[in-house]
Amino acid sequence: MSKKDAKHFLYVGGLLCGFGAVAALLIGGAYVIANPLIEENRQKALEEALSVCFANDDDTFSDAVSMPEDCEYLSNYYIAYASGEEYGYIYQGSGSNTYGSVEIAVGLTYADGELVYGCIGVIENTESYKTTLENNYIAVFNASPSQESLNSISCGATFGAKLIRNIVNEAVEYYLNTAIPEAA
């Protein structure tokens, strides 16, 4: 290889390294600019989902408490308060399948010796049947939250509905076994 060829390869290599460095800086800069906005939007979606679960005007929530690692779908729970009194738990969970992913929050409380379901709040839904899932499953469940409606709704987004059902069922199991010992 001649000196001229070597210089050419070094020149091309240097250019490619320069382009790579500029691209890396642009990607890093975009991340630095966009990440706070993404996190802010995610926090707003979480707050909206939490407020849907029991829909009391004076609801407040504890900080997130991490779920044990053996939970398949659940990631956090929050204690719900109304007028400073604890009255329920909200469980945050997510799952994914070949059609996308869904992240929800569901409220549960115990009154008069019975489990009472709150509504499902959507944090994120990337399912390809997103509208079908939200309009024909979540909205129908929220109109009459119960285990019966959770299991009996047919919506056309079968895999997404199964994810939601699994998340809610895991929340119910955890709630009954830990938050309400007398219910177990």
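Quick notes on the rules
- Residues numbered from 1 in each chain as written.
- Predicted model: local features only at pLDDT ≥ 70, side-chain atom pairs only at ≥ 80, totals over all residues.
- Heavy atoms only, no water.
- Pairing = 2+ DSSP bridges.
- Helix = DSSP H or I, 4+ residues; strand = E, 2+ residues; numbered from the N terminus.
- Expected span 1.5 Å × (residues − 1).
- Contact = heavy atoms within 4.5 Å.
- Buried < 20%, exposed > 50% of the residue type's maximum accessible area, 1.4 Å probe, protein only.
- Lys, Arg positive; Asp, Glu negative; His and termini not counted.
- Salt bridge = Lys/Arg side-chain N within 4 Å of Asp/Glu carboxyl O.
- Polar contact = N/O pair within 3.5 Å; in protein donor to acceptor, adjacent residues only side chain to side chain.

Student: Looking at this structure, how should I read the pairing of strand E4 (residues 85–97)?
Tutor: For a regular strand, the rule is simple: side chains alternate between the two faces of the sheet. Direction of pairing for strand E3 (residues 74–82) relative to E4: antiparallel, over a ladder of eight bridges. If you follow Ala82 over to E4, its bridge partner there is Glu85. Here E3 hands over to E4 after two residues, with Ser83 in that stretch at a positive phi of 55°. Where E4 and strand E5 (residues 100–111) come together, nine bridges link them in antiparallel fashion. Directly across from Gln92, in E5, lies its bridge partner Ala105. Here E4 folds back onto E5 in antiparallel fashion, the turn holding two residues.

Student: What is the right way to read helix H2 (residues 130–143) from this model?
Tutor: Three- or four-residue spacings in an α-helix give side chains the same orientation, since the helix completes a turn every 3.6 residues. In this model H2 runs 18 Å from its N-terminal to its C-terminal C-alpha over 14 residues, within 8% of the 20 Å that 1.5 Å per residue would give. Packed against the buried residues of H2 are helix H1 (3–54), E5, strand E6 (114–125), helix H3 (147–152) and helix H4 (158–179).

Student: Help me understand the side chain of Asp59, please; the structure alone is not making it clear to me.
Tutor: Relative to the helices and strands, Asp59 is located in strand E1 (residues 59–61). Buried and unpaired, Asp59 has Arg42 as its nearest opposite-charge partner, separated by 19 Å. A distance of 2.5 Å separates polar atoms of two side chains, one belonging to Asp59 and the other to Tyr87. Excluding residues that lie within four positions of it along the chain, Asp59 makes contacts with Phe54, Tyr81, Ala82 and Tyr87.

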